[in-house]
Amino acid sequence: MIDFKNEIAKVISNSNEQLKQDEVLSMIEIPPNSDMGDFAFPCFKLAKIFRKAPNLIASDITESFADSKLFEQIDVVGAYINFIIDKEIFAKSVIEEAIHESKNFGSTNLGEGKNVVVEFSSPNIAKPFHIGHIRTTVIGSALNNIYKFLGYNTIAVNHLGDYGTQFGKLIVAIKAWGDKTVIESNPIPELLKLYIKFHEEAEEKPELDDEARNWFRLLEDGNEEAKELWQWIRDVSLKEFNRVYEMLGIKFDSLAGESFYSDKMPKVLEKMRSENIITKSQGAEIVDLEPHGMPPALITKKDGSTLYITRDIAAAIYRKENYDFYKNIYVVGSQQNLHFNQWIKIIELMGFDWAKDCIHVPFGMVSLEEGTMSTRKGRVVFLEDVLKKAVEKTKEIIEEKSPHLEDKDNIAKQVGIGAVVFQELSNNRIKDYVFSWDRTLDFAGESGPYVQYTHARASSVLRKADVDYEKDVDYSLIQEKEAMDLIRLLNQFPQIIIDAARKYEPSIVTRYTVDLAQAFNKFYHDYSILVDDSEIKKARLSLVAAVRQTIENGLGLIGVAAPERM
Ligand code: ARG
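Owing to the predicted nature of the structure, the values given are computational and were not obtained by experimental measurement.

Notes on the overall build of the protein
A count of helical and extended segments in the protein gives 21 helices and 12 strands. A principal-axis box enclosing the C-alpha atoms of the protein has dimensions of 85 × 65 × 40 Å. Here the protein holds 566 residues, and 53% of them are scored as buried. Across the protein, contacts joining residues at least 24 apart in sequence account for 74% of those joining residues at least 6 apart. Here the protein displays about 26000 Å² of accessible surface, and carbon together with sulfur accounts for 47% of that area. Across the protein, the centroid of the 69 positively charged side chains sits 2 Å from that of the 88 negatively charged ones.

This is the structure:
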């Protein structure tokens with residue numbers, strides 16, 4: 001694909017040695033309205049350098065484009081130079097690239113040779129996998145896809161919450177009141193019941209808490225019985241989580257959770273002590289973070305056991321040693337901002353200059369209409385139920401609207417789950433929101449099903465094509481404003497992905513797919529594609545094929561399927 005922006009920057013910077021190409025490139029704008037041109041170059045800033053009025057500078061620069069064939073028109077409007085790309089060259093460059101690059105259209109090799117760890121999902125085992133987990137799970141997975149598409153070697157990590165005092169509590173509860181067969185028949189709700197019972201009983205009998213602490217210590221010390229029970233809890237929980245991951249089509253490269261770091265802790269503690277950043281406080285060890293405007297971080301408890309934060313420090317060091325990451329990304333809710341600020345600061349205090357490459361990507365909270373979610377109070381919406389209901393509802397709609405559709409069950413899954421994921425990734429990640437069944441199951445408007453339907457519509461037109469639109473296309477036949485709007489959008493796709501990666505914001509891709517679908521539907525509404533004139537038909541079909549491919553690629557990045565029929 002011709003990089004038009006870069007071509008403009010080249011000519012401008014060649015016209016005068018005081019203008020550096022990179023700088024010029026960063027000054028080029030896309031006008032708010034395409035009637036003004038495809039690109040614009042403002043000359044205000046140059047007035048100082050050239051000691052000349054901006055509009056005169058603009059006219060001078062324009063002369064350097066005399067030999068360029070890329071532009072249909074170049075206008076000076078005030079201090080701006082507006083560029084309109086030659087339509088035929090533009091259409092040919094973009095469409096051919098989209099069709100030939102196919103599933104790779106939009107990708108770049110920006111990240112070649114660089115490793116990026118993307119940690120996401122990371123639920124606590126033995127606890128419900130609920131609607132609150134959907135955000136980290138789908139945002140993280142989308143970021144993982146996006147970075148991979150940009151050529152980075154990504155490592156998707158699920159930092160399972162599979163360690164900590166709560167496992168001491170569970171062990172006590174299972175031993176006292178649990179029945180393995182009952183638990184195995186319905187693991188998470190049963191384990192949750194036991195966990196709740198433990199808390200109720202412990203209010204009367206505080207010695208249960210001591211027992212729980214003791215069991216966790218035994219677990220850390222490698223006691224066989226403790227380890228076996230813990231392993232079993234982990235296995236039955238993972239089985240449940242995996243059902244959801246499978247529905248979402250999400251895979252991890254590593255399931256190294258908190259427990260994985262238990263034997264890596266002593267070395268880390270040693271390093272912290274030798275760097276003199278630890279102080280003793282009533283038998284416990286802390287890092288004083290007051291000089292950095294934060295409360296102290298508790299690193300080991302009185303009994304020597306470690307904490308959530310200690311394991312995060314160990315995990316980051318392990319990842320640096322094993323993956324030599326360029327970036328180590330954590331998709332974790334904004335409630336944990338302080339936690340991340342604390343441990344990343346500690347990594348820095350330990351003398352690791354790569355602390356700056358550890359990036360917390362926070363997101364807003366999900367609450368329920370009846371208040372915040374509370375597993376202990378049983379106020380929780382299971383993620384699996386949400387996905388299942390969305391699929392059921394889609395199935396009903398299909399039965400009603402297109403009962404003869406082939407492969408209905410599969411399409412219902414793709415559309416139902418796609419709708420939930422798409423909605424989740426439509427908004428800026430930092431916004432809080434209240435979960436509502438109605439909204440989740442409402443597929444109208446700028447939704448996943450809308451974009452998927454547009455993809456199916458484009459696929460259907462292409463199926464009906466009786467000409468080869470990949471060969472000898474006369475791109476000069478693509479002239480319509482609506483068509484050029486599409487070409488312009490397609491041309492932006494690679495940059496959209498780069499922006500989404502830089503801002504850790506998959507919603508940029510999601511919203512782009514909506515814009516593209518809307519622009520396509522406008523074109524589709526205003527012009528016939530399968531017209532009698534086979535040259536026009538070929539040209540329009542090539543555009544449809546490029547759009548279809550781009551929608552498929554965009555949806556793929558956010559983890560949504562692109563069915564060919566709906
Ligand atoms: N398991 C934690 C929770 O459910 C989230 C873990 C986030 N990741 C991390 N490296 N601390 O709250």
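Remarks on the site of the ligand
Close to the ligand lie Glu 119, Ser 122, Asn 124, His 159, Tyr 308, Asp 312, Tyr 330, Val 332, Gln 336 and Phe 340. Side-chain polar atom of Tyr 308 to a nitrogen atom of the ligand: 2.6 Å apart, as the coordinates give it. Contact between the ligand and Gln 336: an oxygen atom at 3.2 Å from a side-chain N or O atom of the residue. Computed on the free molecule, the ligand has an accessible area of 350 Å², of which 85% lies beneath the protein chains in the complex. Looking at side-chain class alone, the shell around the ligand contains 4 nonpolar, 4 polar and 2 charged residues.

Observations regarding the pairing of strand β1 (residues 39-42)
Both faces of β1 are covered, namely the face carrying Phe 39 and Phe 41 and the face carrying Ala 40 and Pro 42. Judged from the 4 bridges that link them, β1 and strand β3 (residues 80-85) form a sheet pairing that is antiparallel. Considered in β3, the bridge of Phe 39 is made with Phe 83.

Side note on the nonpolar core
By size, the foremost hydrophobic cluster in this structure holds 150 residues, and its most contacted members are Phe 41, Ile 61, Ile 95, Ile 131, Ile 233, Ile 478 and Leu 543. Each residue touching Ile 95, except ones within four places of it in the same chain, is listed here: Tyr 475, Ile 478, Ile 487, Ser 542, Leu 543 and Ala 546. Core analysis: the next-biggest nonpolar cluster, separate from the first, contains 35 residues, Ile 155, Met 265, Ala 297 and Ala 316 among them.

Things to note about the sheet that holds β1
Spatial ordering of the open sheet is given by β1-β3-β2, a layout of 3 strands whose pairing is antiparallel. At either end of the open sheet lies a strand with only one pairing partner, and these are β1 and β2 (71-77). Within this sheet the neighbouring strands show an average axis-to-axis angle of 15°, counted without direction. Contacts from helix α1 (residues 4-15) reach β1, β2 and β3, with the element oriented near 35° to β1. Helix α4 (residues 54-63) rests against β1, β2 and β3 of the sheet, and its axis sits at about 160° to β2.

Thoughts on helix α11 (residues 224-248)
Look at α11: 36 Å from first C-alpha to last across 25 residues, which is about the 36 Å you get at 1.5 Å a residue. Backbone nitrogen of Glu 225 and a side-chain oxygen of the N-cap are separated by 3.0 Å at the start of α11; the cap is Asn 223. The positive-phi residue at the C-terminal boundary of α11 is Gly 249, with phi of around 65°.

Quick word on the packing of aromatic side chains
Per the stated rule, a full pass over the model turns up 27 aromatic pairs. Ring centres of Phe 435 and Trp 437 lie 5.3 Å apart, and the angle between their planes is 80°; on these two criteria the pair is classed as edge-to-face. Grouped by ring-pair contacts, the aromatic residues Phe 120, Phe 129, Phe 241, Tyr 245 and Phe 252 constitute a single cluster. Stacked on the ring of Trp 177, the Lys or Arg Lys 197 has its end atom at 5.2 Å from the ring centre. Taking the ring centre of Trp 437 as reference, the NZ or CZ of Lys 389 above it sits at 4.3 Å.

A few points about the sheet that holds strand β10 (residues 358-361)
The strand order across the open sheet built from 4 strands is β5-β4-β9-β10, with neighbouring strands paired in parallel fashion. For this open sheet the edge positions go to β5 (153-157) and β10, each flanked by a neighbour on one side alone. Mean inter-strand twist for the sheet, computed between neighbouring axes without regard to direction, equals 20°. The pairing of strand β9 (residues 327-331) with β10 spans 4 bridges and is classified as parallel. Residue pairing in the sheet places Asn 328 in a bridge with Cys 358 of β10. Lying on the sheet, helix α6 (residues 134-149) is in contact with β4 (115-119), β5, β9 and β10; it crosses β9 at an angle near 155°. Lying on the sheet, helix α13 (residues 308-323) is in contact with β4, β5 and β9; it crosses β9 at an angle near 140°.

Notes on the pattern of salt bridges
Evaluation of the coordinates by the stated rule reveals 36 salt bridges. We note a salt bridge from Lys 395 to Glu 399, for which the minimum N-O separation is 3.8 Å. Of the two residues, Lys 395 and Glu 399 are both situated in helix α15 (residues 383-401); the distance of 4 residues between them amounts to about one turn of the helix. Residue class for Lys 395 comes out partly exposed when judged on its relative accessible area of 24%. The exposure class of Glu 399 is partly exposed, given its relative accessible area of 37%. One salt-bridge network, held together by shared partners, links Asp 38, Lys 481, Asp 485 and Arg 488.

Concerning unusual backbone geometry
Phi is positive for Ser 121, close to 75°, though the residue is something other than glycine. The topology assignment puts Ser 121 in the loop between β4 and α6. Taking relative accessible area as the criterion, Ser 121 reaches 4% and is therefore assigned buried.

Here's the deal with the environment of Ile 346
For Ile 346, the location among the structural elements is in helix α14 (residues 337-349). The exposure class assigned to Ile 346 is buried, which follows from its relative accessible area of 0%. Considering only alpha carbons, one finds Ile 346 and Ile 313, 33 residues apart in sequence, at a separation of 7.9 Å. Contacts of Ile 346, omitting those with residues within four sequence positions, involve Met 272, Ile 277, Val 287, Leu 289, Ala 297, Ile 299, Ile 309 and Ile 313.

Conventions used here
Residues numbered from 1 in each chain as written. Predicted model: local features only at pLDDT ≥ 70, side-chain atom pairs only at ≥ 80, totals over all residues. Heavy atoms only, no water. Helix = DSSP H or I, 4+ residues; strand = E, 2+ residues; numbered from the N terminus. Buried < 20%, exposed > 50% of the residue type's maximum accessible area, 1.4 Å probe, protein only. Contact = heavy atoms within 4.5 Å. Areas by Shrake-Rupley, 256 points an atom, 1.4 Å probe, with all protein chains shown as cover. Lys, Arg positive; Asp, Glu negative; His and termini not counted. Charge placed at Lys NZ, Arg CZ, Asp CG, Glu CD. Near = heavy atom within 4 Å. Polar contact = N/O pair within 3.5 Å; in protein donor to acceptor, adjacent residues only side chain to side chain. Nonpolar A, V, L, I, M, F, W, Y, C, P; charged D, E, K, R; others polar. Pairing = 2+ DSSP bridges. Core = buried A, V, L, I, M, F, W, Y, C linked by side-chain atoms within 4.5 Å. Axes fitted to C-alpha atoms, helices over the stretch in contact; angles between N-to-C directions. Expected span 1.5 Å × (residues − 1). Phe/Tyr/Trp six-rings, centres within 6.5 Å; stacked < 30°, edge-to-face > 60°. Lys NZ or Arg CZ within 6 Å of the ring centre and 35° of its normal. Salt bridge = Lys/Arg side-chain N within 4 Å of Asp/Glu carboxyl O.

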